[in-house]
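# Chain and residue survey
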Amino acid sequence: MLRPSGRERASGAVPAARGEGPYLTPAQAFDALYAYCAPALVRQAYLLTGRRDLAHESVERAFQRAWDHWPEVARDPDPAGWVRAAAHDWALSPWHRLRRRQPEPPPPEEDDRALLDALLSLAPPYRRTLVLYDGVGLDLPETAAETEASTRATAGRLMFAREVIAERLPELADPGELHDRLAELASTGRTRAAEPAAVRGGSERRARLWTRTAAAVTVVLIGSTAMTLHTAPTHYVPPVPPGETVRGVPPRVAPGPLSDEQRELRDRLRNALLDGPERLSPQAR
């Protein structure tokens, strides 16, 4: 199944935790939502990505974000839809292309591999539309709202995606057969999600880390601001005017050759310095 099963599926309500009264704590309500939605969301994310590890990561990140914004999620008319949109957004994020991941073995059945290859050949908006409409079972306006597109554009995406799948796999031209095959493909392999307590703990650790990071950045900004105020000048310092060319000064000329008397005096001084300094006295001429 690609969506939660049971009588609650028709009404969209989340079942209450077993053994609890009519009022639940936030943790109990979160755990009930997680148990109700997480397995189906892992299967949906697998159809969107073709990777089990990324599917589990997307669901955990979506529920961590839901726990961070739990008052908002708890008051939402469709909490399951809120988490589903967050999980699909994370699964289809283009940043995953920059991450190195270990290769994952393809589905064992040839038919499943062909269907998965056909899904992954679609552009992410078309793939998401097909999974939501033919896999999850949303109607066209709900699919359009979740993919942030108009109803007409969503219908066009859906028809194009169906045509691509039918061209590569003619036996899946029937929407009912396509829905069944999507459910079979999503159910292959391990679909068990993490425990809700571990997801809540990861969300709280992430929140503490971001709080400490924000506090550290704030301290650095305060320190740099204080240093700037301490070293900044307290009065106006006019800039140094640019230099001007002085005219009328003769250019500096290099000294010319020495005369005979100057060379004789230079030689006498050099010879006298070799034997030690002498006292020079003026000579009458």
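Throughout what follows, the structure given in this document is the object of discussion. This structure is a prediction, so every number in the text was calculated from the model and none was measured. (Residues numbered from 1 in each chain as written. Predicted model: local features only at pLDDT ≥ 70, side-chain atom pairs only at ≥ 80, totals over all residues. Heavy atoms only, no water.)

## As for the overall build of the protein
In terms of regular secondary structure, the protein is built from twelve helices and zero strands. Listed by position from the N terminus, the elements making up the protein come as α-α-α-α-α-α-α-α-α-α-α-α. Considering the protein as a whole, with its 285 residues, one finds that 33% of them fall into the buried category. For the protein, the computed accessible surface area is about 19500 Å², with 56% contributed by carbon and sulfur atoms. (Helix = DSSP H or I, 4+ residues; strand = E, 2+ residues; numbered from the N terminus. Buried < 20%, exposed > 50% of the residue type's maximum accessible area, 1.4 Å probe, protein only. Areas by Shrake-Rupley, 256 points an atom, 1.4 Å probe, with all protein chains shown as cover.)

## Quick notes on the pattern of salt bridges
Note on pairing: side chains with opposite charge can pair once their charged atoms come close. Counted according to the given criterion, the structure contains eight salt bridges. With its nearest N and O atoms 3.2 Å apart, the salt bridge here joins Asp-53 to Arg-51. We classify Asp-53 as partly exposed; its relative accessible area is 33%. Note that Arg-84 is salt-bridged to Glu-146, the shortest N-O span being 2.9 Å. Of this pair, Arg-84 sits in helix α5 (residues 79-91) while Glu-146 sits in helix α8 (residues 140-146), and the two are 62 residues apart along the sequence. Three or more residues joined by partner-sharing salt bridges are found here, namely Asp-112, Arg-181 and Glu-184. (Salt bridge = Lys/Arg side-chain N within 4 Å of Asp/Glu carboxyl O.)

## Some remarks on the packing of helix α3 (residues 52-68) against α5
Describing two packed helices takes the angle between their axes plus the distance from one axis to the other. α5 packs onto α3 with a crossing angle of 135 degrees between their chain directions and a minimal axis gap of 8 Å. In terms of orientation, α3 and α5 fall into the oblique class. Seen from above, α3 lies across α5 with right-handed handedness. Along its contact with α3, which presents Leu-54, Glu-57, Ser-58, Val-59, Arg-61, Ala-62, Phe-63, Arg-65 and Ala-66, the element α5 presents Trp-82, Val-83, Ala-86, Ala-87, Trp-90 and Ala-91. Looking at side-chain class alone, the contact of α3 with α5 contains eleven nonpolar, one polar and three charged residues. (Axes fitted to C-alpha atoms, helices over the stretch in contact; angles between N-to-C directions. Parallel < 35°, antiparallel > 145°, perpendicular 65-115°, else oblique. Left-handed = near helix turned anticlockwise from the far one by under 90°. Contact = heavy atoms within 4.5 Å. Nonpolar A, V, L, I, M, F, W, Y, C, P; charged D, E, K, R; others polar.)

## Remarks on a negative patch on the surface
There is a patch of like negative charges on the surface, built from Glu-109, Glu-110, Asp-111, Glu-171, Asp-174, Glu-177 and Asp-180. Broken down by secondary-structure element, the contributors of at least two residues to the negative patch are α6 (110-120) and α10 (175-186). Assignment of secondary structure puts Asp-180 in helix α10. (Patch = residues over 30% accessible without salt bridge, like charges linked within 9 Å, V, L, I, M, F, W, Y side chains within 5 Å. Lys, Arg positive; Asp, Glu negative; His and termini not counted. Charge placed at Lys NZ, Arg CZ, Asp CG, Glu CD.)

## As for unusual backbone geometry
Phi is positive for Glu-148, close to 55 degrees, though the residue is something other than glycine. Counting through the fold element by element, Glu-148 comes out in the loop between α8 and α9 (151-168). Accessibility expressed as a relative area gives 77% for Glu-148, which makes it exposed.

## Looking at the nonpolar core
In summary, soluble globular proteins display a tendency toward joint burial of nonpolar side chains. Of all hydrophobic cores here, the largest spans 48 residues; its most connected members are Phe-63, Leu-115 and Ile-165. Counting residues per element, the ones that place at least two in this core are α2 (26-49), α3, α4 (70-75), α5, α6, α7 (124-136), α9 and α10. A per-element tally of this core places α2 first, with twelve residues. (Core = buried A, V, L, I, M, F, W, Y, C linked by side-chain atoms within 4.5 Å.)

## A closer look at the packing of aromatic side chains
As enumerated under the stated definition, the model contains seven aromatic pairs in all. Ring centres of Tyr-34 and Phe-63 lie 4.6 Å apart, and the angle between their planes is 70 degrees; on these two criteria the pair is classed as edge-to-face. Here Phe-63 lies in helix α3 and Tyr-34 lies in helix α2, a separation of 29 residues in the sequence. Grouping residues by exposure puts Tyr-34 and Phe-63 together as buried. Aromatic ring contacts, followed pair by pair, group Phe-30, Tyr-34, Phe-63, Trp-67 and Trp-70 into a single cluster. The lysine or arginine in question, Arg-52, covers the ring of Tyr-46, its NZ or CZ lying 3.6 Å from the ring centre. (Phe/Tyr/Trp six-rings, centres within 6.5 Å; stacked < 30°, edge-to-face > 60°. Lys NZ or Arg CZ within 6 Å of the ring centre and 35° of its normal.)

## Re α2
Its maximal kink placed at Cys-37, α2 deviates by approximately 40 degrees, while the proline Pro-39 follows within four residues. By the criterion of burial, α2 is predominantly enclosed, with 17 of the 24 residues buried. Gly-50 sits one or two positions beyond α2 and adopts a positive phi of about 75 degrees. (Bend = angle between axes of the 7 residues up to and from the residue.)

## Regarding the side chain of Asp-112
Summarising the element assignment, Asp-112 is placed in helix α6. A relative accessible area of 9% means that Asp-112 is categorised as buried. Excluding anything up to four places from it in sequence, Asp-112 contacts Pro-107, Arg-181, Leu-185 and Thr-188.

## Observations concerning α3
Here α3 is 17 residues long and its end C-alpha atoms lie 24 Å apart, about the 24 Å a rise of 1.5 Å per residue gives. Judged by how many residues are buried, α3 sits mostly within the fold: twelve of 17 residues are covered. For α3, the full list of buried residues reads Arg-52, Leu-54, Ala-55, His-56, Glu-57, Ser-58, Val-59, Ala-62, Phe-63, Gln-64, Ala-66 and Trp-67. (Expected span 1.5 Å × (residues − 1).)

Nothing here speaks to function; it is geometry throughout.
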